[in-house]
Amino acid sequence: MDLSKIKTLIDFVGRSNITELTVTEKDVTVRIFRRSPADAAVAVPPQKPESTTDPVSDAPSSIEKTAHAVKAPVFGVLHRAPAPGEPPFVAIGDAVEEGQTLFIIEAMKVYNTIAAPRSGRITRLTEIDNGEVETGDLLAEIA
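Predicted model only: the values in this text are computed from it and were never measured. (Residues numbered from 1 in each chain as written. Predicted model: local features only at pLDDT ≥ 70, side-chain atom pairs only at ≥ 80, totals over all residues. Heavy atoms only, no water.)

## A few points about helix H1 (residues 3-15)
Definition in use: Runs of E in the DSSP output that reach at least two residues are strands. Runs of H or I that reach at least four are helices, and both are numbered from the N terminus. Multiply 1.5 Å by the residue count of a helix minus one, and that product is the helix's expected span. To sort residues, take the accessible area from a 1.4 Å probe on protein chains only and compare it with the maximum for the residue type: under 20% means buried, over 50% means exposed, and anything in between is partly exposed. To obtain the arc, one takes the directions from the helix axis to the C-beta atoms. Contacts between residues were defined by any pair of non-hydrogen atoms, one from each residue, lying within 4.5 Å.
Counted at 1.5 Å a residue, the expected span for H1 with its 13 residues is 18 Å, and the 18 Å between its end C-alpha atoms agrees. By the burial criterion, the buried members of H1 are Ile6, Leu9 and Val13. Viewed along the axis of H1, the buried residues span an arc of 60°, placing them on a single side of the element. Across from the buried face of H1, at angles greater than 90 degrees, the exposed residues are Thr8, Gly14 and Arg15. Its buried side turned inward, H1 meets strand E1 (20-25) and strand E2 (28-33).

What follows is the structure, encoded as structure tokens:
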């Protein structure tokens, strides 16, 4: 199966309501998964602070409870900047608008932009850059 067919299948899954597609051609099988927003919301348990004895740690815990996790929708290579040598799309503390590009994940030579699901401030950010991420890995949190 050539890459143009695979890209067409990925585009189809992205535009449709299906969450899984398996296609076999000769002896090659391609499986494409897409998480629905409802699945992602269920899969995000609230984070608990490691230590609750320090009164200062109570302030971040309230931020963590209201933070929205941004997870990797696909497996691939995460890029925090639009191109090598350029500044990253976002940094911790940056204010972001809904729909703003946060990352790019390269999967099978297809560049998937990861946009902010809501407006807010970046409170947590992955340290991975130009490295592999798995589907469901935490990339950022927006409070």
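What follows picks up the thread again.
## A look at the nonpolar core
Rules: Residues belong to one nonpolar core when they are buried, are Ala, Val, Leu, Ile, Met, Phe, Trp, Tyr or Cys, and are joined through side-chain atoms within 4.5 Å.
The biggest cluster of nonpolar side chains holds 16 residues, and the ones touching the most others in it are Val96, Leu102, Phe103, Ile105, Ile122, Leu139 and Ile142. Where this core is concerned, the elements lending two or more residues are strand E6 (101-107), strand E8 (120-125) and strand E10 (138-142). Sequence-distant contacts of Leu102, defined by excluding residues within four places in its chain, comprise Val70, Arg80, Phe89, Val90, Val96, Ile114, Ala115, Ala116, Ile122 and Ile142. Ranked by size, the runner-up nonpolar core spans six residues in total, among them Ile6, Leu21, Val30 and Ile32.

## Some thoughts on the pairing of E6
Put simply, the rule is: Note on pairing: DSSP must find at least two bridges between two strands before they are called paired.
Of all seven residues that make up E6, six are buried, and the element is covered over most of its length. Across three bridges, the pairing between strand E4 (residues 76-79) and E6 is antiparallel. Counted as the bridge partner of Leu78 is Ile105 from E6. Pairing of E6 with strand E7 (residues 110-115) involves six bridges; the strand directions are antiparallel. Following the sheet pairing, Thr101 is matched in E7 by Ala115. Count of turn residues in the E6/E7 antiparallel hairpin: two residues, of which Met108 carries a positive phi of about 55°.

## Considerations on unusual backbone geometry
For Met108, which is not glycine, the phi torsion reads 55° and is therefore positive. Judged by its relative accessible area of 46%, Met108 falls in the partly exposed class. For Lys109, which is not a glycine, the phi torsion comes out positive at approximately 65°. For Lys109, the location among the structural elements is in the loop between E6 and E7. Judged by its relative accessible area of 63%, Lys109 is exposed.

## Focus on the sheet that holds strand E5 (residues 95-96)
Taken in spatial order, the four strands line up as E3-E10-E8-E5 in an open sheet, and their pairing is antiparallel. Either end of the sheet is taken by a strand with one partner, and the two such strands are strand E3 (68-71) and E5. Pairing analysis gives two bridges linking E5 to E8, with the strands arranged antiparallel. From the neighbouring strand, Val96 faces E8, where its bridge partner is Gly120.

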